Amino acid sequence: MAVLSNARDMLEQMRKVRQIRQYRPDPIPEDVITELLEVARWTGSSRNTQPWHFIVVDDRETLRRISQLRPPIAWVAEAPLGIAIVLDGESETSEAYDEGRVTERLLVAARLLGLGGGVAWYGDASQQGEAKRILGIPQERTARSIVAIGYPRSVRDPRPNPARGGRKPLAELVSYNRYGARRS
Ligand SMILES: Cc1cc2nc3c(=O)[nH]c(=O)nc-3n(C[C@H](O)[C@H](O)[C@H](O)COP(=O)(O)O)c2cc1C
């Protein structure tokens, strides 16, 4: 196992991974996209099924059409790149877990590469169906989200109803040995 001399710096960077919704227009270099895809490829999945396919979307019109699926993802139109996650559609629960894992790794890797990422959910079943049509994904596959990637312009949430920032304190989130028990 690797022991990193800068592990604490890495952890600090991980803690600082935020949802980025505003990007500079600069394109992402091809080798950087490949790094991101390699991180995605090596993500662990249930029984190592690797139930995913990744669509690299850098076509402005396609990103614009995705952004119009619902107002909370309008900001996707500004991203120079998106990685749409397609799942086999064979095991709903484990694939949802796998999708979360690969998404988080993409967001962390993006931050470590000086980029920012944002998760965008397409919405309900009919909006997912529309996303599949836009991206040419067979309807029997699962497609719920795209991870937008770009050089961050701001960490602000530009939506009319921004999500609340910050996090709950550890004291509210952690118990010891039994649910609800504090450290004795
Ligand atoms: C499953 C999931 C779906 C999300 N969908 C959206 C979305 O559709 N649009 C959006 O702007 N943010 C979306 N987010 C981002 C969350 O709003 C964000 O992670 C949360 O507000 C914390 O943001 P912060 O890390 O910048 O503090 C999603 C996050 C998750 C985990």
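Residues numbered from 1 in each chain as written. Predicted model: local features only at pLDDT ≥ 70, side-chain atom pairs only at ≥ 80, totals over all residues. Heavy atoms only, no water.

### Details of unusual backbone geometry
At step 1: The phi dihedral of asparagine 48 is positive, around 50 degrees, even though this residue is not glycine.
At step 2: In this structure asparagine 48 comes out as exposed when scored by relative accessible area, which is 52%.
At step 3: Although it is not a glycine, asparagine 177 adopts a positive phi angle of roughly 70 degrees.
At step 4: Note on placement: asparagine 177 falls in the segment after helix 6 (170–173).
At step 5: Asparagine 177 gets classed as exposed once you look at its relative accessible area, which sits at 84%. (Buried < 20%, exposed > 50% of the residue type's maximum accessible area, 1.4 Å probe, protein only. Helix = DSSP H or I, 4+ residues; strand = E, 2+ residues; numbered from the N terminus.)

### Points about the packing of helix 3 (residues 60–67) against helix 5 (residues 125–135)
At step 1: Contact geometry of helix 3 with helix 5 gives a least axis separation of 10 Å together with a crossing angle of 175 degrees. With respect to helix 5, the axis of helix 3 lies roughly antiparallel. Two secondary-structure elements touch here, helix 3 through Thr62, Arg65 and Ile66 and helix 5 through Ala131, Ile134 and Leu135.
At step 2: Classifying every residue of the contact of helix 3 with helix 5 gives four nonpolar, one polar and one charged. (Axes fitted to C-alpha atoms, helices over the stretch in contact; angles between N-to-C directions. Parallel < 35°, antiparallel > 145°, perpendicular 65-115°, else oblique. Contact = heavy atoms within 4.5 Å. Nonpolar A, V, L, I, M, F, W, Y, C, P; charged D, E, K, R; others polar.)

### Concerning the sheet that holds strand 2 (residues 52–57)
At step 1: Taken in spatial order, the four strands line up as 2-3-5-4 in an open sheet, and their pairing is antiparallel. For this open sheet the edge positions go to strand 2 and strand 4 (116–121), each flanked by a neighbour on one side alone. Within the sheet, the average angular offset between the axes of one strand and its neighbour, ignoring direction, is 25 degrees.
At step 2: Relative to strand 3 (residues 81–87), strand 2 runs antiparallel, the two sharing six bridges. Note on strand 3: the bridge partner recorded for valine 56 is isoleucine 83.
At step 3: Sheet contacts for helix 4 (residues 92–112): strand 2, strand 3, strand 4 and strand 5 (142–150); angle to strand 5, the most-contacted strand, approximately 5 degrees.
At step 4: With respect to the sheet, helix 5 is in contact with strand 2, strand 3 and strand 5, its orientation differing from that of strand 5 by roughly 65 degrees. (Pairing = 2+ DSSP bridges.)

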